[in-house]
Number of protein chains: 2
Amino acid sequence: MPEPQKEEFVVTPWKVEGKIDYDRLREQFGTSVLDESLLERLRGLLGRPLHPLLERRIYFSHRDLPWVLDEYGRGNHFAMYTGRGPSGDVHLGHLTPFEFCSYLQEKLHVDMWVQMTDDEKFLFKKDLSLEEANKLGMENLLDLLAPGFDPKRTHVLLDTVSIRTLYPISLEVAKRVTFSTAKAVFGFTHQNNIGSIYYTAMQAAPAFLPSKLKGHPVPCLIPCGIDQDPHFRVARDLAESLGYPKPAMLYNILLPSLQGEGKMSSSAEAKDSAIFLGDQPGDVKRKLSRAFTGGRTTVAEQRKLGAVPEVCSVWSMWRSRFAPDPKEFEEITRTCRSGELLCGECKARLIPKVQKFLEEHRKRRESVRAWLPKVIVDGPLAGKVE
Amino acid sequence: MPEPQKEEFVVTPWKVEGKIDYDRLREQFGTSVLDESLLERLRGLLGRPLHPLLERRIYFSHRDLPWVLDEYGRGNHFAMYTGRGPSGDVHLGHLTPFEFCSYLQEKLHVDMWVQMTDDEKFLFKKDLSLEEANKLGMENLLDLLAPGFDPKRTHVLLDTVSIRTLYPISLEVAKRVTFSTAKAVFGFTHQNNIGSIYYTAMQAAPAFLPSKLKGHPVPCLIPCGIDQDPHFRVARDLAESLGYPKPAMLYNILLPSLQGEGKMSSSAEAKDSAIFLGDQPGDVKRKLSRAFTGGRTTVAEQRKLGAVPEVCSVWSMWRSRFAPDPKEFEEITRTCRSGELLCGECKARLIPKVQKFLEEHRKRRESVRAWLPKVIVDGPLAGKVE
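Residues numbered from 1 in each chain as written. Chains lettered and ligands numbered in written order. Predicted model: local features only at pLDDT ≥ 70, side-chain atom pairs only at ≥ 80, totals over all residues. Heavy atoms only, no water.

Q: I tried to follow the overall build of chain A on my own but got confused; where do I start?
A: From N to C terminus, chain A includes 17 helices and nine strands. Taking 21 Å as the expected radius of gyration for a compact globule of 386 residues, we find that chain A reaches 21 Å, a close match to that expectation. Viewed in the frame of its principal axes, chain A has a C-alpha envelope of about 65 × 50 × 45 Å. When the 386 residues of chain A are sorted by exposure, 59% land in the buried category. Considering only residue pairs separated by 6 or more positions, chain A has 76% of its internal contacts joining residues 24 or more positions apart. When the accessible area of chain A is evaluated, it comes to approximately 15900 Å², of which 51% is carbon and sulfur surface. With 54 positive and 51 negative side-chain charges, chain A shows a spacing of 1 Å between the two charge centroids. (Helix = DSSP H or I, 4+ residues; strand = E, 2+ residues; numbered from the N terminus. Rg over C-alpha atoms; globule rule 2.2 N^0.38 Å. Buried < 20%, exposed > 50% of the residue type's maximum accessible area, 1.4 Å probe, protein only. Contact = heavy atoms within 4.5 Å. Areas by Shrake-Rupley, 256 points an atom, 1.4 Å probe, with all protein chains shown as cover. Lys, Arg positive; Asp, Glu negative; His and termini not counted. Charge placed at Lys NZ, Arg CZ, Asp CG, Glu CD.)

Pasting the structure below:
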């Protein structure tokens, strides 16, 4: 495998660019490795093998996961929290934390909190109206809850709707974050709008909500992309001064762009970088046929040298979701590396699986419509959540 | 009358210090004079004489009042909006905008919006909890609504409770205000917390709410202390870009401290600077007996030169509230200036009036309890206000 180049990359909650070196990023952010001993502890709790997202190290880093497991062992169950800023298209990468939370909820029957940040998208996106952001939020929620959640244990915070519950906690956070801190953590300038500057307090709020509602410290585990770490560094820094436990983090790598650099993106310029959940079979075929791989320039060379799965956007899809069977995944990886499996064959094998997944996803998505309105928090929440 | 000295003064929404020169302040802020021709126009609308707060120029400056009156003449009634940050003690000065709005509502049957900014007080006051700020807000509302309002036309926005209605509009405002602007207008530094930086968007929101609810431009008239002008300069600057009319302003001077400098204050160090609405007869007697006046150092000198009502904290109380009869007020002012009325006599005459006012105020305050909960906006408001 070629030595990874020390290229420049940028990872913030609002911008991911370049070829990401996740080990360097983890060191830079100061997060811990999700190592084999911790995975073994998770196998004891969740059964073996673990979900592919864990076994294959798509979740690769954490903060305070052992403490969450200690508390769980003592009967103090954690709440999960993850979220998303609504956008025009939800792609496969956006599903990762939700699929993962769905798995954890099924195994451990824990509460799930989903934040849909229509306020954030409105504040950071020049031409988006608040009404559009709110509508997109509702649409996105159908997709993100499709992996399957227990409606009795799932609570949706759609920021502009759930603000009665979120605002008081966000104020507690905001009082303890100076502009100086926000500037240092997020790189804000004097030209940022005051809403974008406040926003991190809104993203921190759900991490403290379970403790506030229950009146005792409830561990909160946040599975999300590592690009969100800056928000939660701020939240963790002040948690104890507010009387809440620090939220624990479980970070996934970002699904790489089909075009070979950065992460899958739903921005207009990069429509072919990602498989969107609304893509039709023809879109899937076109995008995957053209996708960036770890193959060689000629068939002969590939047969001789083998391909490099670690840099391949197609392999990353097998890794995350489309080869749940460990034997199948091992076979794909081995034959790719050996040169037996050519990229064209590999793509031809993946395309129908992705097409089928999307078809089934859309059925699951429709089934969410019936219960989504019932789980959106609207009004004061105290006393409504057990 | 002695030439007013060009002393330094500071007037911001969070700090009022020094001897305020209202003409200089008006020029500095760029607000218009509430001149005789405009008062005459108001007399035509409201009847003569006008409320003492107008006739005696306690309301002394405005922005766009003629436009509000033009619109009213065309049948487009304005909404009134004023507010307050809750505090431990409400004093007579805090009542001024509410007494004035009560008068306008009685005369013109217009809608009244009251904002109680528990969030602001929490964010700007180091040791105040949000729960305390919220409780103080509820208590303060009893006082501020005591002058008499029509419950059917009165809506209370208690920020942390009414946030579902306020937040979306505050976001619209916040998106258009940069940190640079907030810094320039309010003098923020990098050490200000991000909640305090956002806050101006919350104070602007009620000015646009009537238009948003009715779906067409509704003029909003904001009677308040001129120290609040910075907030509304920001709101006015961006109103049109949001599709709302600029709020019109009517500014009162601040009731001077009984101790002779700055305004009445409810801060702990200045308890004797103000008559609080909860003061007992003994407190009133003590504070007024010691109050700073425009009298001379000896009786002989005062008999000879007369006193200076314009600098006298006792005279300012006659002016604002305790001599509603124009003849009585004229007589007090004339005999003060001539030296006939000595400060001791004047105070002895005022003390029982203030004591009685407070006693009656407390009865009116209790009568607000019955209807206050019904007018606090909680939840989405669209469709609930005619």
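Q: Can you walk me through the relation of the copies chain A and chain B in this structure?
A: In this arrangement, two copies of a chain are superimposed by a rotation about an axis accompanied by a shift along the axis. Each copy superposes on the other: chain A lies on chain B with an RMSD of 0.0 Å after a rotation of 180° and an axial shift of 0.0 Å. When the rotation and shift are considered jointly, the pair of chain copies conforms to a two-fold rotation axis. The overlap is high: 97% of the interface residues of chain A also sit at the interface in chain B, so the same surface is used on both sides. (Least-squares fit on C-alpha atoms with pLDDT ≥ 70 in both.)

Q: So what exactly am I meant to see when it comes to the nonpolar core here?
A: Burial of nonpolar side chains together is a common tendency in soluble globular proteins. Counting 252 residues, the largest nonpolar core has Leu54(A), Phe208(A), Leu54(B) and Phe208(B) as the members making the most contacts within it. Those residues in contact with Phe208(A) that sit more than four places away from it in its chain are Ile169(A), Val173(A), Ala235(A), Leu238(A), Ala239(A), Leu242(A), Tyr244(A), Pro245(A) and Pro247(A). (Core = buried A, V, L, I, M, F, W, Y, C linked by side-chain atoms within 4.5 Å.)

Q: I'm lost on the pattern of salt bridges in this one. Help?
A: Where side chains of opposite charge bring their charged atoms close, a pairing between them can arise. If you walk through the whole model with that rule in mind, you get 58 salt bridges over all chains. Two residues, Asp272(A) and Arg286(A), come together in a salt bridge whose shortest N-O distance is 2.9 Å. In this pair, Asp272(A) is assigned in the loop between β9 (248-252) and α12 (281-289) and Arg286(A) in helix α12, connecting sequence segments 14 residues apart. Look at Asp272(A) and you get partly exposed, because its relative accessible area is 22%. With relative accessibility at 30%, the residue Arg286(A) sits in the partly exposed group. Between Asp378(A) and Arg164(B) there is a salt bridge; the shortest N-O distance is 2.9 Å. Pair noted here: Asp378(A) is in the segment after α17 (372-375) and Arg164(B) is in helix α8 (residues 163-175), and the two residues belong to different chains. Under the relative-accessibility criterion, Asp378(A) is labelled partly exposed at 37%. (Salt bridge = Lys/Arg side-chain N within 4 Å of Asp/Glu carboxyl O.)

Q: What is the right way to read the packing of helix α7 (residues 130-144) of chain B against helix α16 (residues 343-368) of chain B from this model?
A: Helix packing geometry: the angle between the two helix axes and the distance between the axes. Residues and elements named next belong to chain B. With their axes 7 Å apart at the nearest point, α7 and α16 run at an angle of 120° to one another. Regarding the angle of α7 to α16, the classification is oblique. As for the relative orientation of α7 and α16, their crossing is right-handed in sense. For the pair α7 and α16, the contacting residues are Glu139, Leu141, Leu142 and Asp143 in the first and His361, Arg365 and Val368 in the second. Among the residues making up the contact of α7 with α16, the classes are represented as three nonpolar, one polar and three charged. (Axes fitted to C-alpha atoms, helices over the stretch in contact; angles between N-to-C directions. Parallel < 35°, antiparallel > 145°, perpendicular 65-115°, else oblique. Left-handed = near helix turned anticlockwise from the far one by under 90°. Nonpolar A, V, L, I, M, F, W, Y, C, P; charged D, E, K, R; others polar.)

Q: Sorry if this is basic, but what is going on with unusual backbone geometry here?
A: With glycine set apart, most residues show a phi of negative sign, and most peptide bonds adopt trans. Residues and elements named next belong to chain A. A cis amide bond links arginine 48 with the next residue in sequence, proline 49, at an omega value of -5°. Its place among the elements puts proline 49 in the loop between α2 (36-46) and α3 (52-55). A positive phi angle, near 60°, is found at arginine 57, a position not held by glycine. When its relative accessible area of 32% is taken as the criterion, arginine 57 is described as partly exposed.

Q: Hey, could you run me through the interface of chain A and chain B in this one?
A: How big an interface is tends to be stated in terms of accessible area lost as the parts join. Each partner contributes residues to the interface: chain A has 37 residues there, and chain B has 36 residues. Regarding the contact of chain A and chain B, the summed buried area is about 3100 Å², with carbon and sulfur atoms giving 70% of it. Counting across the chain A and chain B interface gives two salt bridges. Applying the counting criterion to the chain A and chain B interface returns 23 residue pairs in polar contact (both at pLDDT 80 or more). Those elements giving two or more residues to the side of chain A that touches chain B turn out to be α6 (118-124), α8 (159-175), α9 (179-186) and α10 (194-214) of chain A. For the side of chain A that touches chain B, the element with the most residues is α8(A), which contributes eleven residues. (Buried area = accessible area lost by both parts, 1.4 Å probe. Polar contact = N/O pair within 3.5 Å; in protein donor to acceptor, adjacent residues only side chain to side chain.)

Q: For this particular structure, what's the right way to read the sheet that holds strand β8 (residues 220-225) of chain A?
A: Sheet strands pair via backbone hydrogen bonds, and the direction of the pair is either parallel or antiparallel. Residue and element names in this part refer to chain A. If you trace the seven strands from one edge of the open sheet to the other, you get β3-β4-β9-β8-β5-β6-β7, paired in mixed fashion. Both outer strands of the open sheet, β3 (32-33) and β7 (154-158), are each paired with one neighbouring strand and no more. Contacts between helix α1 (residues 22-29) and the sheet are confined to β3 and β4 (59-63), with β4 contributing the most and set at about 5° to the helix. Its contacts with the sheet put helix α11 (residues 229-242) on β4, β5 (79-84), β8 and β9, and the angle it makes with β9 is roughly 170°. (Pairing = 2+ DSSP bridges.)

Q: Looking at this structure, I do not really get the packing of aromatic side chains. What am I missing?
A: Any aromatic ring pair is given by two values, namely how distant the centres are and how the planes are angled relative to each other. Inspection of every chain in the model, using the stated rule, returns 28 aromatic pairs over all chains. Aromatic pair Phe124(A) and Tyr199(A): ring centres 6.4 Å apart, planes at 85°, arrangement edge-to-face. With a gap of 75 residues between them, Phe124(A) in helix α6 and Tyr199(A) in helix α10 connect regions that are remote in the sequence. Stacked on the ring of Phe357(B), the Lys or Arg Arg364(B) has its end atom at 5.5 Å from the ring centre. (Phe/Tyr/Trp six-rings, centres within 6.5 Å; stacked < 30°, edge-to-face > 60°. Lys NZ or Arg CZ within 6 Å of the ring centre and 35° of its normal.)

Q: Looking at this structure, how should I read the environment of Phe179(B)?
A: Note that Phe179(B) resides in helix α9 (residues 179-186). In the structure, Phe179(B) is positioned 15 residues away from Ile194(B) in sequence and 9.9 Å away in space, judged by C-alpha atoms. Apart from the residues within four sequence positions on either side, Phe179(B) is in contact with Phe179(A), Thr189(A), His190(A), Asn192(A), Ile194(A), Ile197(A), Phe188(B), Thr189(B), His190(B) and Ile197(B).

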